[in-house]
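For reference, the chains in residue letters:
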Amino acid sequence: MTGAIRRVGVVGAGQMGAGIAQVCARAGLDTLVCEADALAARDARDRVTTSLKRAVRRDKLTAEQARQAQDRLTYTGELDDLADRQLVIEAVVENPDAKTEVFAALDKIVEDPSAILATNTSSIPIMRLGMATGRADHVIGLHFFNPVPVLPLVEVVPSLHTSAETTHRAEDFARTVLGKTVVRSRDRAGFVVNALLIPYLLSAIRMTESGFATATDIDNGMRLGCAHPMGPLALADLIGLDTVAAIAESLYDEFREPLYAPPPLLQRMVEACLLGRKTGRGFHTYDH
């Protein structure tokens, strides 16, 4: 068994990547955040700083804890800077080509042969990403949930090539170091959570599309009738409608089940850049 993971890299610092970087830094880890270029890296720093300040305001962290987390975070626009990392977590856009390109590059850059190369993909097969490298036995899925600093779950997803040691180290990292609850899934599109969640969200979108009920009434029905903390359309807006569509397409490509097919309304909204909270408008309207 190799040593404890202390140096972590996060590739991509959007909503998910920034949250992953924050929880790693809060857990005491030397955390290097890599974005596409220096400007994007600066924006990533601003996102993480804002999130840490919000945690202080909500009494989730002390000001000193937030400062210590900031001190453990560094930012770069150069993928080559990840050479010394013991664990790299990829969190770029949910696109197979983009993720494959990152893994092929990391395979050449990361020097430690025992390093774990993990992906935060919601739906793309881990095997596909592992086969882009010469070390598929060290590639695994570590799927976090948004918002990462708040939600306690991580799905650990080994491929057919992932070694038992890599799986054990990844689970131990998520559970012991980050303090997350771990569920393990086989390497199939959607894993556990999204394979169950996405058909539910798509069903709500179809109900809206058909004119059967309004978005507000659908969400109120599920919140107040089923005690869900958030309605399905508000949840889709929070996830991002582009992400919901991408996961649905991956599920449909793999299983060819009609319940996974993205409804036309969802596709039109994505084309119109009405993506939910991050754009200020989706099935509901938000301050932006």
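Before any of the text, the structure's been laid out above.
The shown structure was predicted, so the numbers you read here are calculated from the model rather than taken from an experiment.

About the criteria used
Residues numbered from 1 in each chain as written. Predicted model: local features only at pLDDT ≥ 70, side-chain atom pairs only at ≥ 80, totals over all residues. Heavy atoms only, no water. Helix = DSSP H or I, 4+ residues; strand = E, 2+ residues; numbered from the N terminus. Buried < 20%, exposed > 50% of the residue type's maximum accessible area, 1.4 Å probe, protein only. Contact = heavy atoms within 4.5 Å. Areas by Shrake-Rupley, 256 points an atom, 1.4 Å probe, with all protein chains shown as cover. Lys, Arg positive; Asp, Glu negative; His and termini not counted. Charge placed at Lys NZ, Arg CZ, Asp CG, Glu CD. Axes fitted to C-alpha atoms, helices over the stretch in contact; angles between N-to-C directions. Parallel < 35°, antiparallel > 145°, perpendicular 65-115°, else oblique. Left-handed = near helix turned anticlockwise from the far one by under 90°. Nonpolar A, V, L, I, M, F, W, Y, C, P; charged D, E, K, R; others polar. Salt bridge = Lys/Arg side-chain N within 4 Å of Asp/Glu carboxyl O. Expected span 1.5 Å × (residues − 1).

### Things to note about the overall build of the chain
Assigned secondary structure in the chain consists of 11 helices and eight strands. Its C-alpha atoms give the chain principal-axis dimensions of roughly 55 × 45 × 35 Å. Across the 288 residues of the chain, 50% fall into the buried class. Considering only contacts in the chain between residues 6 or more positions apart, those separated by 24 or more positions represent 67%. Accessible surface, the chain as shown: approximately 13,500 Å² in total, 53% of it carbon and sulfur. For the chain, the separation between the mean place of its 31 positive charges and that of its 36 negative charges on side chains is 6 Å.

### Quick notes on the packing of helix α1 (residues 15–26) against helix α2 (residues 38–57)
The interhelical angle for the contact between α1 and α2, taken along N-to-C directions, is 60°, at an axis separation of 10 Å. Relative to α2, α1 is oriented oblique. Considering only the axes of α1 and α2, their crossing is right-handed. Two secondary-structure elements touch here, α1 through Ala-18, Gln-22 and Arg-26 and α2 through Arg-47, Val-48, Ser-51, Leu-52 and Ala-55. Looking at the contact of α1 with α2 residue by residue, the classes come out as four nonpolar, two polar and two charged.

### Some thoughts on the pattern of salt bridges
For the structure shown, the criterion picks out 12 salt bridges. Asp-30 is paired through a salt bridge with Arg-85; the nearest N and O atoms lie 3.3 Å apart. Of this pair, Asp-30 sits in strand β2 (residues 30–34) while Arg-85 sits in the loop between β3 (73–76) and β4 (87–90); the two residues are 55 residues apart in sequence, bridging distant segments of the chain. By relative accessible area, Asp-30 is classed as partly exposed at 33%. A relative accessible area of 5% means that Arg-85 is categorised as buried. A salt bridge links Arg-135 to Asp-107; its shortest N-O distance comes to 3.0 Å.

### A short note on helix α7 (residues 193–209)
For α7, which comprises 17 residues, the first-to-last C-alpha distance of 24 Å matches the rise-based estimate of 24 Å (1.5 Å per residue) to within 8%. By the burial criterion, the buried members of α7 are Asn-194, Ala-195, Leu-197, Ile-198, Pro-199, Leu-201, Leu-202, Ala-204, Ile-205 and Thr-208. Packing partners of the buried residues in α7 comprise β6 (139–144), α8 (215–226), α9 (232–239), α10 (241–255) and α11 (264–271). Within two residues after α7, Gly-211 carries a phi angle of roughly 80°, on the positive side.

### A few points about the environment of Pro-258
Mapped onto the fold, Pro-258 is located in the loop between α10 and α11. Along the backbone, Pro-258 and Pro-199 are 59 residues apart, and their C-alpha atoms lie at a distance of 9.4 Å. Once residues within four sequence positions are removed from consideration, Pro-258 is found in contact with Arg-206 and Tyr-252.

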